[in-house]
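Architecture and fold: a report
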Amino acid sequence: MICATPRSGSTLLCEALRQTGVAGYPDEYFGPMHVPRWREQWDISGSRDYVCKVLEQGSTSNGVFGVKIMNLYWAHFLNTLKQANYQKAPSEYKLISTVFPDLTYIWITRRNKIRQGVSWARVMQGMPWIWQESKPYIPKKKPQFQFEVIDHFIAETVLHEAAWQEFFARNEIK
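Anyway, here's the lowdown on the structure attached to this text.

Reading the values: the criteria
- Residues numbered from 1 in each chain as written.
- Predicted model: local features only at pLDDT ≥ 70, side-chain atom pairs only at ≥ 80, totals over all residues.
- Heavy atoms only, no water.
- Axes fitted to C-alpha atoms, helices over the stretch in contact; angles between N-to-C directions.
- Helix = DSSP H or I, 4+ residues; strand = E, 2+ residues; numbered from the N terminus.
- Parallel < 35°, antiparallel > 145°, perpendicular 65-115°, else oblique.
- Left-handed = near helix turned anticlockwise from the far one by under 90°.
- Contact = heavy atoms within 4.5 Å.
- Nonpolar A, V, L, I, M, F, W, Y, C, P; charged D, E, K, R; others polar.
- Pairing = 2+ DSSP bridges.
- Expected span 1.5 Å × (residues − 1).
- Buried < 20%, exposed > 50% of the residue type's maximum accessible area, 1.4 Å probe, protein only.
- Salt bridge = Lys/Arg side-chain N within 4 Å of Asp/Glu carboxyl O.
- Phe/Tyr/Trp six-rings, centres within 6.5 Å; stacked < 30°, edge-to-face > 60°.
- Lys NZ or Arg CZ within 6 Å of the ring centre and 35° of its normal.

Some words on the packing of helix α6 (residues 113-124) against helix α7 (residues 147-170)
The interhelical angle for the contact between α6 and α7, taken along N-to-C directions, is 115°, at an axis separation of 8 Å. Comparing their axes, α7 and α6 come out roughly perpendicular. When you trace α6 past α7, the crossing you get is right-handed. Across the interface between the two elements, K113, I114, Q116, G117, V118, W120, A121 and M124 from α6 touch V149, I150, F153, I154, E156, T157 and E161 from α7. A class-by-class count of the residues in the contact of α6 with α7 yields nine nonpolar, three polar and three charged.

Quick look at the structure:
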């Protein structure tokens, strides 16, 4: 499980892992903005079927599974697992371990929080999340940078990273 925050480099990491063909196919299968697309593409409605399909689609032929989770939608992720009838687990860690046994957690963080905040601000102004083409992205208008907005995104990032650290510490995850 790639544990991430926006604009941390997690998409690049996931793409690199996917390209190996042996490290699972990590993607944001549980991101609320992505779930409708996956459900439609896979023609799935129920949460249990959805989780089973995620396990299938996120696994390489050697059985390695990969997924990326943003702390932004942690609650949505857990609710999906609970709706899939895994709710008997006494803690979120046990719930996750029930669905994804032998899970390894990889926490990705970006050292330069200012650049992360600026990147997040640019995306919110229309810059693409990732480039799909080989030619450079040329914005339609010059991005506007406001200290308060960038500072807000930096603060959000710090809060989300602290939540990841708390989860790891509480569950003795290294």
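Next comes the rest of the write-up.
Quick notes on the sheet that holds strand β2 (residues 68-70)
Reading across from one edge, β2-β1-β3 is the order of the three strands in this open sheet, with parallel pairing throughout. Only two strands of the sheet have a single partner each, and these edge strands are β2 and β3 (106-107). Here two bridges tie strand β1 (residues 2-4) to β3, and the two strands are oriented parallel to one another. Opposite C3, over in β3, you have W107 as the bridge partner. Running over the sheet, helix α1 (residues 10-20) touches β1, β2 and β3 and is turned about 165° from β1.

A look at the side chain of T157
Here T157 shows up in helix α7. Ignoring anything within four residues of it in the chain, the contact list for T157 reads T5, K113, Q116 and W120.

Overview of α7
An α-helix turns once every 3.6 residues. As a result, residues three or four positions apart point the same way. Taking 1.5 Å of rise per residue, the 24 residues of α7 would be expected to cover 34 Å, and the 34 Å separating its terminal C-alpha atoms lies within 8% of that figure. By the burial criterion, the buried members of α7 are I150, F153, I154, T157, H160, E161, W164, F167 and F168. Where α7 terminates, the next one or two residues include E172, which has phi positive at roughly 55°.

What about the pattern of salt bridges?
Per the stated rule, a full pass over the model turns up six salt bridges. In this structure, the salt-bridge partner of R18 is E15, at a minimum N-O distance of 2.8 Å. Within this pair, R18 and its partner E15 are both found in helix α1, separated by three residues, close to a single helical turn. Given the relative accessible area of 33%, E15 is considered partly exposed. Here E161 and K113 are joined by a salt bridge, their closest N and O atoms 3.1 Å apart.

Some thoughts on the packing of helix α4 (residues 74-86) against helix α5 (residues 92-99)
Their axes nearest at 11 Å, the elements α4 and α5 cross at an angle of 60°. The pairing of α4 with α5 is recorded here as oblique in orientation. Regarding α4 and α5, the two cross each other, and that crossing is left-handed. Residue-level contacts link W74, F77, L78, L81, K82 and Y86 of α4 to E92, L95, I96, T98 and V99 of α5. For the contact of α4 with α5, the class distribution of residues is eight nonpolar, one polar and two charged.

Quick notes on the packing of aromatic side chains
Throughout the structure, instances matching the rule amount to 18 aromatic pairs. Ring plane angle 15° and centroid distance 5.9 Å describe the contact between W164 and F168, whose orientation is recorded as stacked. Residue W164 and its partner F168 are located together in helix α7, separated by four residues, close to a single helical turn. Taken individually, W164 and F168 each receive the classification buried, so the pair is uniform in this respect. Over the ring of W38 we find R37; its NZ or CZ atom is 4.6 Å from the centre of that ring. A cation over an aromatic ring shows up here: R39 above the ring of Y50, its NZ or CZ 4.7 Å from the ring centre.

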